[in-house]
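What follows is each chain in one-letter form.
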Amino acid sequence: MIKVKNLTKRYGQHLALDNISFTVEEGEVLGFLGPNGAGKSTTMNIMTGYIASTEGEVHIGGIDIVAEPEKAKAQIGYLPETPPLYGDMRVDEYLNFVASIKKVKSSERKQMVAYVKEAVHIEDMSKRLIKNLSKGYRQRVGMAQAMLGNPKVIIMDEPTVGLDPKQIIEMREVFRKLGKKHTLILSSHIMQEVSAVCDRVMIINKGHIMASDTPERLAAGLAQGHKMLVRVKGDKDKILSALADYSIIKEVKAIASRELGTIDFELSGDENIDIREAIFSCMSANSMPLLMMKSLDLSLEEIFLQITGQEQVAEPQTEELQATQTTGEEQVS
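Novice: Before we move on, could you go through the overall build of the protein and cite the residues and values that matter?
Specialist: When you go through the protein residue by residue, the secondary structure sums to 12 helices and 14 strands. Within the span of the protein, comprising 333 residues, buried residues form 46% of the whole. Taking all contacts inside the protein whose residues are at least 6 apart in sequence as the whole, residues at least 24 apart take part in 71%. For the protein, the accessible surface area stands at approximately 16,800 Å², while carbon and sulfur atoms represent 47% of it.

Novice: Go over the packing of aromatic side chains, please, and point to the residues and values.
Specialist: For the coordinates displayed, the defined rule picks out four aromatic pairs. Look at Tyr 86 and Tyr 94: their rings are 6.3 Å apart centre to centre, the planes differ by 55°, and that puts the pair in the tilted class. Relative to Phe 97, the ring of Tyr 86 has its centre 5.8 Å away and its plane inclined at 80°; by these criteria the two rings are edge-to-face. Of this pair, Tyr 86 sits in the loop between β6 (76-79) and α3 (91-101) while Phe 97 sits in helix α3, and the two are 11 residues apart along the sequence. Among the aromatic side chains, those forming a connected cluster through ring pairs are Tyr 86, Tyr 94 and Phe 97. One cation-aromatic arrangement involves Arg 140 over Tyr 137; the distance from NZ or CZ to the ring centre is 5.3 Å.

Novice: Can you break down the sheet that holds strand β5 (residues 63-64) residue by residue, with the values?
Specialist: Sheet strands pair by backbone hydrogen bonding; their relative direction is either parallel or antiparallel. Spatial ordering of the open sheet is given by β2-β1-β4-β5, a layout of four strands whose pairing is antiparallel. In this open sheet, the two strands that pair with only one neighbour each are β2 (14-24) and β5. The pairing of strand β1 (residues 2-11) with β2 spans seven bridges and is classified as antiparallel. Looking across to β2, one finds that Val 4 is bridged to Phe 22. The strands touched by helix α1 (residues 40-47) are β1, β2 and β4 (55-60); relative to β1, the strand with the most contacts, the crossing angle is about 120°.

Novice: Tell me about the side chain of Arg 231, and please be specific about residues and values.
Specialist: Note that Arg 231 resides in strand β11 (residues 227-233). Judged by its relative accessible area of 10%, Arg 231 is buried. For Arg 231, the side chain forms a polar contact with the side chain of Glu 259, separated by 2.9 Å. Residues contacting Arg 231, with those up to four places away along its chain left out, are Ser 257, Arg 258, Glu 259, Thr 262, Ile 263, Asp 264, Pro 289, Leu 290, Leu 291 and Met 292.

Criteria and cut-off values
- The residue count restarts for each chain, going from 1 along the sequence in the order it is written.
- In keeping with the predicted nature of the model, local features appear solely for residues at pLDDT of at least 70, side-chain atom pairs appear and are counted solely at 80 or more, and the whole-chain, interface and lining totals rest on all residues.
- Side-chain measures were taken over the full set of non-hydrogen atoms in the model, leaving aside hydrogen atoms and water.
- Runs of E in the DSSP output that reach at least two residues are strands. Runs of H or I that reach at least four are helices, and both are numbered from the N terminus.
- Buried residues are those whose accessible area, probed at 1.4 Å on protein chains only, stays under 20% of the maximum for their type, while exposed residues exceed 50% and partly exposed ones sit between those limits.
- Contact criterion: two residues are considered in contact whenever any of their non-hydrogen atoms come within 4.5 Å of each other.
- Using the Shrake-Rupley algorithm and a 1.4 Å probe, accessible areas are obtained, with residue cover drawn only from the displayed protein chains.
- Two rings from Phe, Tyr or Trp (for Trp, the six-membered ring) form a pair when their centres are within 6.5 Å of each other. A pair whose planes differ by under 30 degrees is stacked, one over 60 is edge-to-face, and the rest are tilted.
- Cation placement over rings: the criterion is NZ of Lys or CZ of Arg within 6 Å of the ring centroid and within 35° of the ring normal.
- Pairs of strands are assigned from DSSP output, requiring at least two bridges between the strands.
- Comment: axis = line fitted to C-alpha atoms, over the contacting stretch for helices; angle = value between 0 and 180 degrees taken between N-to-C directions.
- A 3.5 Å cut-off defines polar contacts: any pair of N or O atoms within that distance qualifies, except that in protein one atom must be a possible hydrogen donor and the other a possible acceptor, and neighbouring residues in sequence count only when both atoms are side-chain atoms.

This is how it looks when you write it as C-alpha cells:
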C-alpha cells in the first residue's frame with residue numbers, strides 16, 4: 001500500500017533523513033518510534049505531501065505523491081501533531097466542511113460525519129465551538145477529520161497527546177478498529193500504546209531506520225540470556241542457597257509459582273553475560289528439577305533505548321518547517 005524508496009531530506013547542512021526505504025502492507029498497523037528530532041514528523045510530512053523531499057520517492061497505493069498528488073492524497077487521512085482545526089467553527093460545521101473538501105458526496109456526508117463522531121466519541125460536542133474544547137477533545141476532532149472520506153491510509157502523528165489515561169485506552173480501541181479497515185501508521189512516544197495496537201514497529205534515529213519488526217521479534221533478537229525466568233521443583237530456601245554459590249547470577253527474585261511444589265524465579269546477570277549454563281549446572285548439581293527456563297522479553301522501552309541510545313538531538317526549525325507549523329490550522333488533509 002505504501003512504498004518509500006531512498007527518501008532523503010536536507011535542511012541546509014543538516015541531513016534529517018538519510019536515504020531511507022520501507023514498505024507498509026495493506027491493512028498493516030505500523031508503529032513509528034524515535035527520539036525527538038529523529039525524522040518521524042519529517043517522514044510523515046513528506047509521505048502526505050505537506051513538504052517535498054530532497055531525493056527519493058513515495059507511492060501511495062501505487063501512485064506517486066509528487067507526480068499525481070491529488071490522486072495520492074485522496075487515499076490519505078492525516079492527523080499532524082498539531083490538529084488542523086478552525087477554532088471559530090462548531091464541530092459539525094468543521095467536519096462537514098472537511099467532508100466537502102474531501103469530495104464526500106452530499107448524500108453520504110451526514111452519515112459519514114455521524115460515523116466519525118461516534119468512532120472518536122465526540123457526539124456530545126457537535127454544537128460546541130472548537131476553540132472552547134479541551135485539548136483532548138480537539139485532538140479527537142482532528143482524528144475525526146482524518147477519517148473522513150474513508151481513506152485507505154490513515155497517518156497519525158502523536159494522536160493521543162493531551163488525552164487522559166481513560167481517553168487513551170478508548171483511543172486504542174479506535175485504533176484497533178481502524179486497523180481492520182485501513183492501513184494505519186501511528187507515531188507515538190507512548191510505548192504501551194504501540195505495543196497494544198501495532199503489528200510492526202519501526203524505530204528511526206538521526207534519519208536512519210534502526211529496526212523494523214514485530215515487538216516480539218525485536219525483543220527476541222536483543223535478548224542475550226542475561227535475564228531469565230525459571231521454574232524449579234523443590235524447597236525455596238534450598239534453591240536460594242544453591243543459587244548463592246554462583247557469582248555469575250547477580251540478582252534472584254522469587255515470584256508466585258503456577259504449579260504446586262515449584263518456585264518461579266527471575267534471575268539476572270551482568271548485561272551481555274549469558275547465565276543459562278550456570279542455571280542449568282546449579283540445578284543439576286543439586287538434583288533440583290528445572291521445569292522451565294526462558295528469556296524475559298525486553299519491554300518496548302528497553303528495546304527503544306538499546307537501539308537508539310539516550311541521545312536526543314533537536315530537529316532544526318527551518319523556514320519550511322516553521323511555515324508548515326504556522327499554517328497548521330489552515331491545512332486540511
